[in-house]
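A closer look at the structure
Below, each chain spelled out in residue letters.
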Amino acid sequence: MAGPRVEVDGSIMEGGGQILRVSTALSCLLGLPLRVQKIRAGRSTPGLSSGGWKSKIKVLTRPQHLSGLEMIRDLCDGQLEGAEIGSTEITFTPEKIKGGIHTADTKTAGSVCLLMQVSMPCVLFAASPSELHLKGGTNAEMAPQIDYTVMVFKPIVEKFGFIFNCDIKTRGYYPKGGGEVIVRMSPVKQLNPINLTERGCVTKIYGRAFVAGVLPFKVAKDMAAAAVRCIRKEIRDLYVNIQPVQEPKDQAFGNGNGIIIIAETSTGCLFAGSSLGKRDKVGIEAAEMLLANLRHGGTVDEYLQDQLIVFMALANGVSRIKTGPVTLHTQTAIHFAEQIAKAKFIVKKSEDEEDAAKDTYIIECQGIGMTNPNL
């Protein structure tokens with residue numbers, strides 16, 4: 001499968017784990033040998049490290065990138081060199097993507113959701129159905145929470161024409177991890193393009209506030225109540241249904257608390273706000289994040305943007321999504337989808353009248369029409 005090696009500069013733009021995730025997934029899918037240099041050169045701890053969304057907690061989740069890279073290698077029996085903690089350069093030579101059962105374990109609170117992000121596009125183009133056993137943090141800082149993946153990412157990404165099943169066996173929190181999620185999916189021949197440009201109006205707001213381990217149930221109730229009060233100030237005509245939850249002892253490892261709140265619109269758009277941790281402000285933080293995501297007039301929230309880019313690049317036809325301000329993660333994903341997959345993206349300010357006063361954009365992509373060679 002070897003062609004000329006694709007050279008990727010790991011220090012530009014987001015300059016972190018996301019470059020590794022996008023470039024190795026595309027390399028695996030397209031059968032292109034890859035070299036990534038200057039990995040995380042812009043970060044305070046260069047080299048293979050934590051990844052995640054804002055990468056503040058560095059040392060602890062360092063093996064996270066590694067487990068993602070090793071998973072991609074195992075999915076396609078590829079060869080991976082330079083993949084050790086602290087390495088600033090890796091080379092990867094992919095082979096044919098195979099289905100079956102694959103396990104990846106961050107051995108820390110490294111995010112299972114980020115493992116899912118890197119592996120999902122690949123197994124869609126495998127030879128047979130896949131079962132991914134992902135171990136680590138399910139509700140960890142600096143990454144999507146598993147509830148976000150199931151409640152927001154899943155229904156939207158399935159519009160590309162596939163379905164997956166996500167079974168949360170155990171929840172795991174910072175710093176110990178210990179969570180496990182099993183993802184099952186069948187391969188597809190091609191992905192359909194998506195068109196998410198109609199926002200509609202908010203019809204429902206719901207969510208869950210959880211405590212696990214030694215934390216008292218009152219903490220969950222307080223988070224939920226604070227979030228509801230905050231949302232009511234801005235949205236008065238909707239019932240806000242946030243359930244406080246005590247995670248069952250046998251389904252959660254360690255101690256944790258957090259909240260996710262989701263808004264659903266008349267056209268099926270989903271937006272979320274979420275937060276974790278011991279602070280009093282957790283409920284309010286999540287509510288304010290949700291409200292901010294509802295103000296910009298887009299059809300996806302700031303966290304879904306970049307997670308859709310690889311699928312848009314692979315789809316057969318033109319995809320369009322309407323977003324608020326385009327995040328650095330999204331710009332990074334677009335850059336590498338163009339460089340490696342040769343997809344064509346156009347990002348332009350939305351011309352709709354209702355968006356005139358807002359910071360709203362249309363991301364359009366001419367996908368490459370990737371076809372599964374095994375089906």
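What counts as what
- Residues numbered from 1 in each chain as written.
- Predicted model: local features only at pLDDT ≥ 70, side-chain atom pairs only at ≥ 80, totals over all residues.
- Heavy atoms only, no water.
- 1 Å grid on protein atoms, 1.4 Å probe; cavity = no way out; pocket = protein on both sides within 12 Å on 5 of 7 lines; lining within 4 Å.
- Points joined across faces, edges and corners; volume = space filled by probe spheres on them.
- Helix = DSSP H or I, 4+ residues; strand = E, 2+ residues; numbered from the N terminus.
- Disulfide = S-S within 2.5 Å.
- Buried < 20%, exposed > 50% of the residue type's maximum accessible area, 1.4 Å probe, protein only.
- Pairing = 2+ DSSP bridges.
- Axes fitted to C-alpha atoms, helices over the stretch in contact; angles between N-to-C directions.
- Phe/Tyr/Trp six-rings, centres within 6.5 Å; stacked < 30°, edge-to-face > 60°.
- Lys NZ or Arg CZ within 6 Å of the ring centre and 35° of its normal.
- pLDDT = per-residue confidence, 0-100.
- Contact = heavy atoms within 4.5 Å.
- Core = buried A, V, L, I, M, F, W, Y, C linked by side-chain atoms within 4.5 Å.
- Expected span 1.5 Å × (residues − 1).
- Bend = angle between axes of the 7 residues up to and from the residue.
- Polar contact = N/O pair within 3.5 Å; in protein donor to acceptor, adjacent residues only side chain to side chain.
- Salt bridge = Lys/Arg side-chain N within 4 Å of Asp/Glu carboxyl O.

Notes on empty space enclosed by the protein
Taken as a whole and judged by the stated rule, the model has 4 cavities of 30 Å³ or more. Space inside the largest cavity adds up to approximately 140 Å³. What lines the largest cavity is a set of 14 residues, and nearest its centre among them are V22, Q117, D306, Q307 and V310. Secondary structure elements with two or more residues in the lining of the largest cavity: α1 (17–30), α3 (112–124) and α7 (302–314).

Quick notes on the state of the cysteines
Summed over all chains, the structure comprises 0 disulfides. Between C113, a free cysteine, and C166, which holds the nearest cysteine sulfur, the sulfur-to-sulfur gap is 7.5 Å. Just so you know, C269 is unpaired, no disulfide at all, and the nearest cysteine sulfur is the one on C201, 11 Å from it. Owing to a relative accessible area of 3%, C269 belongs among the buried residues under this scheme.

So, the sheet that holds strand β2 (residues 34–37)
Hydrogen bonds along the backbone pair up the strands of a sheet, which may run parallel or antiparallel. Spatially, 4 strands are ordered β1-β2-β4-β3 in an open sheet, and the strand pairing comes out mixed. Lying at the two open borders of the sheet, with one neighbouring strand each, are β1 (6–9) and β3 (79–81). This sheet shows a mean twist of 15° between the axes of neighbouring strands, independent of strand direction. Two elements, β1 and β2, share 4 bridges in a ladder whose sense is parallel. Bridge pairing in β2 links E7 to R35.

A look at the packing of aromatic side chains
Under the criterion given, the structure shown has 6 aromatic pairs. Between the aromatic rings of Y173 and F210, the centroid separation amounts to 5.7 Å while the plane-to-plane angle is 25°, which identifies the pairing as stacked. Here the residue Y173 occupies a position in the loop between β7 (164–172) and β8 (179–185), and F210 occupies one in strand β10 (residues 202–212), the gap between them amounting to 37 residues. Of the residues examined, F210 reaches a relative accessible area of 1% and is grouped as buried. An aromatic cluster of three or more residues is present, and its members are F153, F160, F162, F164 and F311. Sitting over the face of the ring of Y361, K349 holds its NZ or CZ atom 5.4 Å from the ring centroid.

Describing the confidence of the model for the chain
Keep in mind that low pLDDT regions are not for reading the predicted coordinates in detail. Residues at a pLDDT of 70 or more form 95% of the chain, whose mean pLDDT is 92. Confidence over residues 50–61 falls short of pLDDT 50; this stretch has 47 contacts with residues more than four positions distant or in other chains.

Quick word on the nonpolar core
If you look at the biggest cluster of nonpolar residues, it comprises 83 residues, and the most contacted ones within it are F160, F162, F164, L191, L308 and F345. If we ignore the near neighbours within four places in the chain, the residues touching L308 are I156, V157, F160, I194, L196, V300 and I321. L238, I242, A286 and A287 belong to the second largest nonpolar core, which has 26 residues in total.

Some words on the sheet that holds β10
What the 4 strands build is an open sheet, ordered β11-β10-β13-β14; its pairing is mixed. One side of each edge strand has no neighbouring strand; the edge strands of this open sheet are β11 (240–246) and β14 (270–276). Averaged over all neighbouring strand pairs, the angle between strand axes comes to 15°, with direction disregarded. Sheet topology note: the strand β13 (residues 256–265)/β14 ladder contains 7 bridges and is antiparallel. What sits directly across from E264, in β14, is L270. Seen against the sheet, helix α4 (residues 146–157) touches β10, β13 and β14 and runs at an angle of roughly 165° to β14. With respect to the sheet, helix α6 (residues 282–295) is in contact with β10, β13 and β14, its orientation differing from that of β14 by roughly 155°.

A look at α3
Its 13 residues place the ends of α3 18 Å apart at the C-alpha level, agreeing with the 18 Å of an ideal helix rising 1.5 Å per residue. The largest bend along α3 measures about 30° and falls at V118, with the proline P121 one to four residues further on. The buried count for α3 comes to 13 of 13 residues, which makes it a mostly enclosed element. Structurally, the start of α3 carries an N-cap: the backbone nitrogen of C113 is 3.0 Å from a side-chain oxygen of S111.

Things to note about the pattern of salt bridges
Evaluation of the coordinates by the stated rule reveals 20 salt bridges. E158 serves as the salt-bridge partner of K154, at 2.8 Å between the closest nitrogen and oxygen. According to the relative accessible area criterion, E158 is buried, its value standing at 19%. With a shortest N-O distance of 2.9 Å, R208 and E247 are connected by a salt bridge. Here R208 is found in strand β10, whereas its partner E247 is found in the loop between β11 and β12 (252–253), with 39 residues between them in sequence. A relative accessible area of 6% places E247 in the buried class.

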